[in-house]
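# Architecture and fold: a report
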Amino acid sequence: MKKVSENWTHALTSGTCSASLFPEFETRAKNAAAEVFRVKTAAEAKEVIANLVKYTNARKVVAVDSPLQQAAGINATLTDLGVSLYTEQADIAEHAESADIGISAVEFGIAESGSVCQDALAFESRLVSMLPPLHIVFMNSNRIVPGITEAMETIAKVYDRGYISFITGPSRTADIERVLTIGVHGPSRFVIIAVDEEVNGGKQ
């Protein structure tokens, strides 16, 4: 999968991010209507995913592979639940619009706003984050930067060209008579699964 950088871990040094910022990040993310689940290990994320699939009666999922998702064994869990799972670029392009859930990963969170930053160079990453009504992301809970300034400084270390996305809660708009509406231009639910276990799979 194409990425703006394969070296986000290098950019996110201990001097720029910290797990101690997670409580502030979680509060602000929830204030923006995101749902946040913090688990100790990637394997524990399986239960969160399984419950979301059951409670939403999801039958079709499009997912972009990530080290955390692979460590959690999410694909096998979804298959065991009888869900139709699509992970290849061409399949994601065909099925994202009709999928119940999109799953991807983000690089880091921002405590100041409760936002997450996603390396969105890959076409399939943008599809799974925008088209299904429920978007679930994986992130490491220790990759939280204090604010927007630090986020931009981190991106500047790795960015050359491509797409970077900031996601703050589910999609919303108030462009018609200033009436806030959720889920018009994108997912109506946004779930963050923050994993304490450091997993990078040697790919970040």
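Criteria and cut-off values
- Residues numbered from 1 in each chain as written.
- Predicted model: local features only at pLDDT ≥ 70, side-chain atom pairs only at ≥ 80, totals over all residues.
- Heavy atoms only, no water.
- Buried < 20%, exposed > 50% of the residue type's maximum accessible area, 1.4 Å probe, protein only.
- Helix = DSSP H or I, 4+ residues; strand = E, 2+ residues; numbered from the N terminus.
- Pairing = 2+ DSSP bridges.
- Axes fitted to C-alpha atoms, helices over the stretch in contact; angles between N-to-C directions.
- Contact = heavy atoms within 4.5 Å.
- Patch = residues over 30% accessible without salt bridge, like charges linked within 9 Å, V, L, I, M, F, W, Y side chains within 5 Å.
- Areas by Shrake-Rupley, 256 points an atom, 1.4 Å probe, with all protein chains shown as cover.
- Salt bridge = Lys/Arg side-chain N within 4 Å of Asp/Glu carboxyl O.
- UniProt positions renumbered as here; feature names shortened; annotations may be inferred.
- Phe/Tyr/Trp six-rings, centres within 6.5 Å; stacked < 30°, edge-to-face > 60°.

With an unreviewed UniProt entry as reference, the chain is termed Lactate utilization protein C, source organism Sporomusa sphaeroides DSM 2875.

## Details of the pairing of strand 12 (residues 189-195)
In terms of burial, strand 12 is largely enclosed, as six of its seven residues are buried. With five bridges joining them, strand 1 (residues 35-39) and strand 12 adopt parallel strand pairing. Each bridged residue has a counterpart across the sheet, and for R38 the counterpart in strand 12 is A194. In terms of strand pairing, strand 7 (residues 134-140) meets strand 12 through seven bridges, oriented parallel. The partner of L134 across the bridge, within strand 12, is R189.

## A word on the sheet that holds strand 1
Strands sit in the order 1-12-7-4-2-3 across an open sheet of six strands; the sheet is parallel. Every other strand in the sheet has two partners, leaving strand 1 and strand 3 (84-86) as the edge strands with one partner each. Averaged over all pairs of adjacent strands, the angle between strand axes in this sheet comes to 20°, irrespective of strand direction. Contacts between helix 7 (residues 123-130) and the sheet are confined to strand 2 (60-63), strand 4 (101-105) and strand 7, with strand 4 contributing the most and set at about 130° to the helix.

## Looking at a nonpolar patch on the surface
On the surface, I148, M152 and F166 cluster together to form a nonpolar patch covering roughly 260 Å² of accessible area. Within the secondary structure, M152 is located in helix 8 (residues 148-158). A relative accessible area of 43% places M152 in the partly exposed class.

## What to know about the UniProt feature "domain: LUD" (unreviewed entry) in the chain
Residues annotated by UniProt as "domain: LUD" (unreviewed entry) correspond here to residues 24-195. Taken end to end, residues 24-195 comprises 34% helix and 28% strand; its first and last C-alpha atoms sit 16 Å apart.

## Side note on the packing of aromatic side chains
Evaluation of the coordinates by the stated rule reveals two aromatic pairs. When the ring of F22 is compared with that of F25, the centres are 5.8 Å apart and the planes differ by 50°; the resulting orientation is tilted. Remark: F25 and F22 occur in helix 2 (residues 22-31); sequence separation between them is three residues, near one turn of the helix. Residues F22 and F25 agree in their burial class; the two are buried.

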